[in-house]
Amino acid sequence: MKKIKKKVKKEVFSAAIYDGYPAWIIVVTATTAIATYLAGGYIMFTLHFLTGWLYVAYVLIMECSLYKEACPNCCYYGKLCAFGKGKIAKLFFKKGDSKKFGTRKLTWKDLIPQMLVVLVPLLVGVALLISRGWNWLIFIAVLYPFLNWFMLNPVVYGQLACKHCKQGRKCCPALQFFSKKSKDNHKSHGKQSTI
Ligand code: SF4
């Protein structure tokens, strides 16, 4: 156990660039992402089985668009990236052109379809709590995305995924977008950026 702890600690705090990510990081990133989908799915199925299946279809479309549009052009295509998706993408889509990966500048407008995966169940969950009375499972399913956004994601992306990402060193629109937002945020609060 001590050896594993030492290995994990070394991997978290080193700034090594990974050609393939260690399995434990992929398990952590996959678990936090799947938990978000399960929380949203639980709320949407609680509302009605039709809205539940519509939600599942929407999540699958969102995931497939990543595998189809981004992963084939990524340097982790066919490899274990922080999310394990580079390997999965190779099963369904041909290799793309790595020069195309960073050509598009990310804006909030681009993020809306992904944010809906969390926002719609959130609103539905609150409406269910108001209209159908208190339900601990719904409350937890409403709360989890917040915890994920504000507490887990900074660690998962900041310490485990982006920090060791080869594509991020080359060019990554998401990393550029979020690092810029964070810098602007620091500036507006009169503090020097530490990123
Ligand atoms: S790092 Fe992102 S774009 Fe690259 S293979 Fe993994 S999920 Fe796809």
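Overview of the structure.

Conventions adopted
Residues numbered from 1 in each chain as written. Predicted model: local features only at pLDDT ≥ 70, side-chain atom pairs only at ≥ 80, totals over all residues. Heavy atoms only, no water. Helix = DSSP H or I, 4+ residues; strand = E, 2+ residues; numbered from the N terminus. Buried < 20%, exposed > 50% of the residue type's maximum accessible area, 1.4 Å probe, protein only. Areas by Shrake-Rupley, 256 points an atom, 1.4 Å probe, with all protein chains shown as cover. Phe/Tyr/Trp six-rings, centres within 6.5 Å; stacked < 30°, edge-to-face > 60°. Near = heavy atom within 4 Å. Nonpolar A, V, L, I, M, F, W, Y, C, P; charged D, E, K, R; others polar. Axes fitted to C-alpha atoms, helices over the stretch in contact; angles between N-to-C directions. Parallel < 35°, antiparallel > 145°, perpendicular 65-115°, else oblique. Left-handed = near helix turned anticlockwise from the far one by under 90°. Contact = heavy atoms within 4.5 Å. Core = buried A, V, L, I, M, F, W, Y, C linked by side-chain atoms within 4.5 Å. Polar contact = N/O pair within 3.5 Å; in protein donor to acceptor, adjacent residues only side chain to side chain.

This next bit is on the overall build of the chain. When you go through the chain residue by residue, the secondary structure sums to eight helices and zero strands. Tracing the chain from N to C terminus, the helices and strands come up as α-α-α-α-α-α-α-α. Burial status across the chain gives 33% buried among its 195 residues. Accessible area for the chain stands at about 12900 Å²; split by element, carbon and sulfur atoms hold 71% of it.

On to the packing of aromatic side chains, then. The final tally for this structure, using the stated rule, is 10 aromatic pairs. Ring plane angle 40° and centroid distance 4.9 Å describe the contact between Trp134 and Phe139, whose orientation is recorded as tilted. Site record: aromatic cluster; members linked through ring pairs are Tyr18, Tyr21 and Tyr76.

Here we come to the site of the ligand. Around the ligand, the neighbouring residues are Cys71, Cys74, Tyr76, Cys81, Lys85, Gly86 and Phe101. Considered class by class, the residues forming the shell around the ligand number five nonpolar, one polar and one charged.

Our next topic: the packing of helix α2 (residues 23-47) against helix α5 (residues 108-132). Where α2 contacts α5, the axes come no closer than 9 Å and their chain directions differ by 45°. By the angle between their directions, the pair α2 and α5 is classed as oblique. Between α2 and α5 lies a crossing of left-handed hand. Along the contact surface, α2 presents Thr36, Tyr37, Gly40, Ile43, Met44, Thr46 and Leu47, while α5 presents Val117, Val118, Val120, Pro121, Val124, Gly125, Leu128 and Arg132. Each residue belonging to the contact of α2 with α5 can be placed in one class, and the counts come to 10 nonpolar, four polar and one charged.

Before going further, it helps to spend a moment on the packing of α5 against helix α6 (residues 136-161). Put simply, α5 and α6 touch, their axes get as near as 9 Å, and they point 145° apart. Where α5 crosses over α6, the handedness of that crossing is left-handed. Contact residues: α5 offers Val118, Leu119, Leu122, Gly125, Val126, Leu128 and Leu129, while α6 offers Ile138, Phe139, Val142, Pro145, Phe146 and Trp149. Here the residues of the contact of α5 with α6 are counted per class, giving 12 nonpolar, one polar and no charged.

Ranked by size, the top nonpolar core spans 15 residues in total, and within it Ile43 and Ile138 carry the most contacts. For this core, the leading source of residues is α5, giving five residues. The contacts of Ile43, once residues within four sequence positions are left out, are Pro121, Val124, Gly125, Leu128, Ile138, Ala141 and Val142. Residues Cys74, Phe101, Cys165 and Cys172 belong to the second largest nonpolar core, which totals 14 residues.

Once that is clear, we can look at the environment of Asp110. Summarising the element assignment, Asp110 is placed in helix α5. The contacts of Asp110, once residues within four sequence positions are left out, are Arg104 and Lys105. Of the polar contacts made by the side chain of Asp110, one reaches the backbone nitrogen of Thr107; its length is 2.7 Å.

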